[in-house]
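Here is what each chain is made of, one letter per residue.
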Amino acid sequence: MVFEKIAAMLAEKLECDAADIKLETEFGTLGIDSLDVMELLMNLEDEFGTEIEMGENKINTVGDLVKLIESKVA
């Protein structure tokens, strides 16, 4: 469910098909920078009703972001 929500949000922002976004997709290949990732995190915090702190976590791929969010909402 988390992956599907992230893929849908990215697809809307990038105006592309959500099916083109995979867990291994790197944000850099999508043209997403760290500020865009932070904006996405804030939107996901609202969506899932939780606070997500990146801390030392490196978020390079969609899968990295999914794991981080799943760990917070579990």
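Residues numbered from 1 in each chain as written. Predicted model: local features only at pLDDT ≥ 70, side-chain atom pairs only at ≥ 80, totals over all residues. Heavy atoms only, no water.

Caption draft 1: Region of the structure containing the layout of surface pockets. Quantified by volume, the largest pocket comes out at close to 160 Å³. Lining the largest pocket we find Ala8, Met9, Leu10, Glu12, Lys13, Ile32, Asp36, Val37, Glu39, Leu40 and Asn43. Residue assignment for the lining of the largest pocket shows that the elements contributing at least two residues are α1 (2–14) and α3 (34–48). When grouped by side-chain class, the residues that make up the lining of the largest pocket number 6 nonpolar, 1 polar and 4 charged. (1 Å grid on protein atoms, 1.4 Å probe; cavity = no way out; pocket = protein on both sides within 12 Å on 5 of 7 lines; lining within 4 Å. Points joined across faces, edges and corners; volume = space filled by probe spheres on them. Helix = DSSP H or I, 4+ residues; strand = E, 2+ residues; numbered from the N terminus. Nonpolar A, V, L, I, M, F, W, Y, C, P; charged D, E, K, R; others polar.)

Caption draft 2: Just α3, in detail. Between its first and last C-alpha, α3 extends 21 Å over 15 residues, near the 21 Å set by a 1.5 Å rise per residue. All of the buried residues along α3 are Val37, Leu40, Leu41 and Leu44. Buried residues of α3, viewed axially, fall in a sector of 105°; they line one side. Every exposed residue of α3 that faces more than 90 degrees away from the buried side is listed here: Leu35 and Asp46. Contact partners of the buried residues in α3: α1, α2 (27–30) and α4 (62–73). Between the side-chain oxygen of the N-cap and the backbone nitrogen of Leu35 there are 3.1 Å, and the N-cap of α3 in question is Asp33. Backbone geometry just downstream of α3 places Gly49 in the positive-phi region, at approximately 65°. (Expected span 1.5 Å × (residues − 1). Buried < 20%, exposed > 50% of the residue type's maximum accessible area, 1.4 Å probe, protein only. Arc of directions from axis to C-beta. Contact = heavy atoms within 4.5 Å. Polar contact = N/O pair within 3.5 Å; in protein donor to acceptor, adjacent residues only side chain to side chain.)

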